Amino acid sequence: MKRLFLLALIAMAANAADLTYTETTQLTGGSMKSMVGFAARLGGTNLGKGVTSTVVVSGNKQASRSGDESTVIDVDKGTMTTIDYKAKKYSTITFEEMVAAYEQMPQAMADAQAKQPKSDVKADTKVKVTSKATGAGPEIAGTSTKLVEVIVESTTTVKDEKKGDTATITSTMRTEQAMGTPQGWQAIRDFYRRMAAKMPLRPDAATQMMRQSGLTVEAMDEAGKKLATLDGMSMRSVMQMIGSGPAGPQVDMPSGKDIARGALSGLPGFGRKKQEPAKEEAKAAPAGPNILLEFTTEVKSIQPGVADAQAFVVPAGFKEQEHPMKRLAREKK
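Parameters at a glance
Residues numbered from 1 in each chain as written. Predicted model: local features only at pLDDT ≥ 70, side-chain atom pairs only at ≥ 80, totals over all residues. Heavy atoms only, no water. Helix = DSSP H or I, 4+ residues; strand = E, 2+ residues; numbered from the N terminus. Buried < 20%, exposed > 50% of the residue type's maximum accessible area, 1.4 Å probe, protein only. Contact = heavy atoms within 4.5 Å. 1 Å grid on protein atoms, 1.4 Å probe; cavity = no way out; pocket = protein on both sides within 12 Å on 5 of 7 lines; lining within 4 Å. Points joined across faces, edges and corners; volume = space filled by probe spheres on them. Nonpolar A, V, L, I, M, F, W, Y, C, P; charged D, E, K, R; others polar. Lys, Arg positive; Asp, Glu negative; His and termini not counted. Salt bridge = Lys/Arg side-chain N within 4 Å of Asp/Glu carboxyl O. Polar contact = N/O pair within 3.5 Å; in protein donor to acceptor, adjacent residues only side chain to side chain. pLDDT = per-residue confidence, 0-100.

Asker: Where do I start with the environment of Val 57 in this structure?
Answerer: Topologically, Val 57 is positioned in strand β2 (residues 51-58). Taking the relative accessible area as the measure of exposure, Val 57 reaches 0% and is therefore buried. As a C-alpha pair, Val 57 and Asp 308 span 251 residues in sequence and 9.0 Å in three-dimensional space. Leaving out residues up to four positions away in the same chain, Val 57 has contacts with Ala 17, Asp 18, Leu 19, Gln 62, Ala 187, Ile 188, Phe 191, Ala 307 and Phe 312.

Asker: Sorry if this is basic, but what is going on with the layout of surface pockets here?
Answerer: By rolling a water-sized probe across the atoms, one finds the places where empty space is left. Within this model, the largest pocket holds a volume of roughly 300 Å³. As for the largest pocket, its lining consists of 15 residues, and the residues nearest its centre are Tyr 21, Ile 188, Tyr 192, Met 233 and Ser 234. Within the residue set of the lining of the largest pocket, elements represented by two or more residues are β1 (18-29), α4 (186-198), β10 (233-243) and β11 (290-304). Grouping the amino acids of the lining of the largest pocket by side-chain chemistry returns seven nonpolar, four polar and four charged.

Asker: Please explain the side chain of Asp 18 as it appears in this structure.
Answerer: Here Asp 18 lies in strand β1. One buried charged residue, Asp 18, remains without a salt bridge, the closest side chain of opposite sign being Arg 194 at 8.6 Å. There is a polar contact of 2.8 Å between the side chain of Asp 18 and the side chain of Ser 58. Beyond its immediate chain neighbours, meaning those up to four positions away, Asp 18 contacts Val 57, Ser 58, Gly 59, Pro 304, Gly 305, Val 306 and Ala 307.

Asker: Can you walk me through the environment of Gln 186 in this structure?
Answerer: The topology assignment puts Gln 186 in helix α4. According to the relative accessible area criterion, Gln 186 is partly exposed, its value standing at 33%. The sequence separation of Gln 186 and Met 233 amounts to 47 residues, and the corresponding C-alpha distance is 8.4 Å.

Asker: What exactly am I supposed to notice about the confidence of the model for the chain here?
Answerer: Close reading of the predicted structure is inappropriate where its pLDDT is low. Residue-level pLDDT values for the chain average 76, and 63% of them are 70 or greater. Confidence drops under a pLDDT of 50 for residues 205-209, and excluding neighbours within four residues, the segment shows 10 contacts in the predicted structure. Note on residues 246-276: pLDDT under 50 across the span, and 37 contacts to partners over four residues away in sequence or across chains.

Here it is, written out as structure tokens:
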């Protein structure tokens, strides 16, 4: 009897480390929303309609699939595998190879900068990060949430030392996180902790990359500390990219049919048969913060104790190809 009880406990513990959830990322607003939608009609990802991802976690494995592509991380093997189900191809990189590729980036950035002609224009970027709890949030996928606001303010000062001209550019990224603690959420938290322990990036390499990108390392450290204090799982994240100055006009981009009609109207015999009524000029939005883009990611369903083992397996017959980061690292040597 004791043996059966022990086996039952072990089985329950194993299932507790399994989790499957789906989430949708969608472009939900901003003065540049129509431009992004126009790009989608030309063949890009249609974020206006939303992109759904399914994440499966089982112990030390995680698979994240969106559309025809999936990324499988195996902490025990120390590998990350990208699977393209449409092209029937896959590529694998080890944690060590990925870390080595990242650590080559500072030198690659320095080499690229050294090849550029000397410029009298200097840029300095300062970043300020603040966060605060803003109260109770909505119920999402059956889970009550609490709202946390994180604001990253970036100020870049560009100076032409030869002419003495100076310009300042400010931008803000505001993220509202609806944090919740659904049953089984610890599986994803514990997975990332084990992954971080096995794939550490040397602090000096990360620091060099940030400094060469013009970012203040101290501010990024502060951001990391603030984000680490958020308890639970992000059930919804609303990220806004905010520019300085008043909001620009909301301009509707033309459809593919409009573009074709416009092209044909310039050819003999393809003129318009009737005069189209003139469209009203786009009206500028009221003065205030200029929200350029707004993205919303929200958990739609969550199933603790559930994991499809096939999500971590490369289908038979798929052809292996070199991982892009391995190729990039090889070319930089």
